[in-house]
Amino acid sequence: MKGMARKGLRGILAGVLTLAVFGVAEADDGIYTNTLMHPDDDTRLEWIRNFERAPLARMDDELQFRAAFRGSLSLLSYLDYTPSERDQGACNNCWAWAGTGVVEIALNMEREIYDRLSVQLISSCNTALSCCEGGWLSDFVSFYEIEGYTIPWSNANANWQNRDGRCDVSCESISTLPNYPLSSITLERIATHGVGQAQAISNIKNVLNQGRAVWFGFFMSTREDWSSFNTFWNTQIEETSWDFDASCGKPYISGAGHAVLCVGYNDDDPNNAYWIMLNSWGTTLNRPNGLFRVNMDINYDCSDSLGRPNLFWQTLDIEFDALTEIVYVAPFASCGGHTPCYGTIQEAINTSGAEATIRIVEGRNFEDVTLNSAKNIRLEGGWDSTF
């Protein structure tokens, strides 16, 4: 994987479950629901088996040595997201939000592309599950293995619209151009069961230090546990940590599951070591970034009374196909923050690489253009000022 890059310097593109909606918390722009997954017993066991069948995440030997030392890391700056809009609402697709976050960070790391990706695509186009049905990271991988690409949030009708759970956005209405083609996407499990706390922590840190985000799925066995977690989410500040140990060993009677994106850690203070988690429940008054922390010094073998694991740390190994550059053209080179941006089509052609898509803001363009070298150029007109 290429070295870490912050916001990409250029855009490169090529053409039976039930829901539980818990308490509310007022945020800056409305009421937010905390939706959880309630898989039946067979589905939950299948998810566990899918985790156990997955190959182990690759470890970097040099990083494994360094992971033994204390420090901190955050991949959050490599993720293009708006906290208040990262809200699954009444839709039961936390697993897709977390999976999309892993892909978004991989796109930045591997291709230096800082772009928000569509969650609506998998919600509307996944024929294996209904649009707001719960799922697992293996379901995410199965969808994209067939789809073969992911698309920007900014594509027509690709922004998140199923927050109300009504599922009224058809797959056909979503524009799949431009897109980011995938050559491969593979589920990997991080070894945290049966290896001891220190090794589990080291393995998770190793993956994060490779520049790969971690998909974290968790179950808690009782409604009381989830009520406590929702109180924690709705009332505490982002600097407080959640500890799963109190939920271990209980019969799975009224349990539920959830998935979030682990973007980093901090164990500088041995008495306050934690993982950094990005949720998909929007924001609250005390959580303007949609974040929470998980205590690092937990029992990674936490399970229910039957010995079924509660905590699942997974990631993705992703390879992107060769991509085509995208550049923008607007009067006075004002492209709403998109780069690279030019004032004329000719400038865009002259500076583009061998393959490029040139997005041109709507309006009339009176200019003669010439192509002085062999290039594959696609012109797309009619974009509004925000592209």
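Structure: see above.
Below, the structure is looked at part by part. (Residues numbered from 1 in each chain as written. Predicted model: local features only at pLDDT ≥ 70, side-chain atom pairs only at ≥ 80, totals over all residues. Heavy atoms only, no water.)

### Some details on the pattern of salt bridges
(1) Moving on: Here the structure, examined in full by the defined rule, presents 13 salt bridges.
(2) Moving on: One salt bridge connects Glu46 with Arg53, and the closest N-O pair in it is separated by 2.9 Å.
(3) Moving on: For Glu46, a relative accessible area of 30% puts it in the partly exposed group.
(4) Moving on: A residue is classified by how much of its surface remains accessible, and Arg53, at 54% relative accessible area, is exposed. (Salt bridge = Lys/Arg side-chain N within 4 Å of Asp/Glu carboxyl O. Buried < 20%, exposed > 50% of the residue type's maximum accessible area, 1.4 Å probe, protein only.)

### Focus on the nonpolar core
(1) Moving on: Of all hydrophobic cores here, the largest spans 97 residues; its most connected members are Trp275 and Trp313.
(2) Moving on: Non-local contacts of Trp313, meaning those with residues more than four positions away in its chain, are made with Phe51, Arg189, Ile190, Thr192, Ile204, Val214, Trp215, Phe216, Cys262, Trp275, Met277 and Tyr300. (Core = buried A, V, L, I, M, F, W, Y, C linked by side-chain atoms within 4.5 Å. Contact = heavy atoms within 4.5 Å.)

### Examining the state of the cysteines
(1) Moving on: Across all of its chains, the model carries five disulfides by this definition.
(2) Moving on: In this model, Cys248 is linked to Cys302 through a disulfide, with the two sulfur atoms separated by 2.1 Å. On the sign convention where negative is left-handed, the bridge of Cys248 and Cys302, at about -120 degrees about the S-S bond, is left-handed. Taken together, the positions of Cys248 in the loop between strand S8 (241-242) and strand S9 (256-266) and Cys302 in the loop between strand S11 (291-295) and strand S12 (311-320) put the pair 54 residues apart, joining distant regions of the chain.
(3) Moving on: Sulfur-sulfur distance for the disulfide between Cys335 and Cys341 comes to 1.8 Å. Classification of the bridge connecting Cys335 and Cys341 rests on its S-S torsion, roughly 70 degrees, and on that basis the disulfide is right-handed. Accessibility assignment for this pair places Cys335 and Cys341 in one class, buried. (Disulfide = S-S within 2.5 Å. Helix = DSSP H or I, 4+ residues; strand = E, 2+ residues; numbered from the N terminus.)

### Section: the side chain of Lys205
(1) Moving on: With respect to the helices and strands, Lys205 occurs in helix H6 (residues 197-209).
(2) Moving on: Looking at Lys205, the relative accessible area reads 1%, which means it is buried.
(3) Moving on: Looking at Lys205, its side chain comes within polar contact range of the side chain of Asp267, at 2.9 Å. (Polar contact = N/O pair within 3.5 Å; in protein donor to acceptor, adjacent residues only side chain to side chain.)

### With respect to the packing of aromatic side chains
(1) Moving on: According to the stated counting rule, one finds 31 aromatic pairs in the structure shown.
(2) Moving on: Aromatic side chains Trp136 and Phe219 sit 5.8 Å apart centroid to centroid with 20 degrees between the ring planes, which places their arrangement in the stacked category. Highlighted residues: Trp136 in the loop between helix H4 (120-125) and helix H5 (137-147) and Phe219 in strand S7 (residues 214-220), separated in sequence by 83 residues. Comparing Trp136 with Phe219 shows no difference in burial state: the two are buried.
(3) Moving on: Measuring from ring centre to ring centre gives 6.0 Å for Phe229 and Trp281, while their planes differ by 70 degrees; the resulting arrangement is edge-to-face. (Phe/Tyr/Trp six-rings, centres within 6.5 Å; stacked < 30°, edge-to-face > 60°.)

### Regarding the packing of helix H3 (residues 94-111) against H5
(1) Moving on: Close contact between H3 and H5 brings their axes to 9 Å; oriented N to C, the two are set at 60 degrees. Comparing their axes, H5 and H3 come out oblique. Seen from above, H3 lies across H5 with right-handed handedness. Contact residues: Trp95, Ala96, Gly99, Thr100 and Val103 in H3; Leu137, Asp139 and Phe140 in H5.
(2) Moving on: Split into classes, the residues belonging to the contact of H3 with H5 amount to five nonpolar, two polar and one charged. (Axes fitted to C-alpha atoms, helices over the stretch in contact; angles between N-to-C directions. Parallel < 35°, antiparallel > 145°, perpendicular 65-115°, else oblique. Left-handed = near helix turned anticlockwise from the far one by under 90°. Nonpolar A, V, L, I, M, F, W, Y, C, P; charged D, E, K, R; others polar.)

### Digging into H3
(1) Moving on: Between its terminal C-alpha atoms H3 stretches 26 Å, which fits the 26 Å expected from 18 residues at 1.5 Å a residue.
(2) Moving on: Taking burial as the measure, the 18 residues of H3 include 17 buried ones, the bulk of the element.
(3) Moving on: Within two residues after H3, Glu112 carries a phi angle of roughly 60 degrees, on the positive side. (Expected span 1.5 Å × (residues − 1).)

### A few points about the side chain of Ser247
(1) Moving on: Checked against the element boundaries, Ser247 lands in the loop between S8 and S9.
(2) Moving on: Residue classification places Ser247 among the buried residues on the basis of a relative accessible area of 3%.
(3) Moving on: Among the polar contacts listed, one links the side chain of Ser247 to the backbone oxygen of Phe244, at a separation of 2.6 Å.
(4) Moving on: In this structure Ser247 touches Met220, Ser221, Asp225, Cys302 and Asn310, once residues within four positions along its chain are discounted.

### Some points on the environment of Ala356
(1) Moving on: Tracing the backbone through its elements, the reader meets Ala356 in strand S15 (residues 355-361).
(2) Moving on: Residues Ala356 and Leu379, 23 residues apart in the sequence, show an inter-C-alpha distance of 8.7 Å.

### Some points on the pairing of S12
(1) Moving on: Burial runs high along S12: eight of the 10 residues are buried.
(2) Moving on: Where strand S6 (residues 180-189) meets S12, seven bridges bridge the pair, whose relative direction is antiparallel. Bridging from a neighbouring strand, Leu182 pairs with Phe320 of S12.
(3) Moving on: Note: S7 against S12, four bridges, orientation antiparallel. Opposite Trp215, over in S12, you have Gln314 as the bridge partner. (Pairing = 2+ DSSP bridges.)

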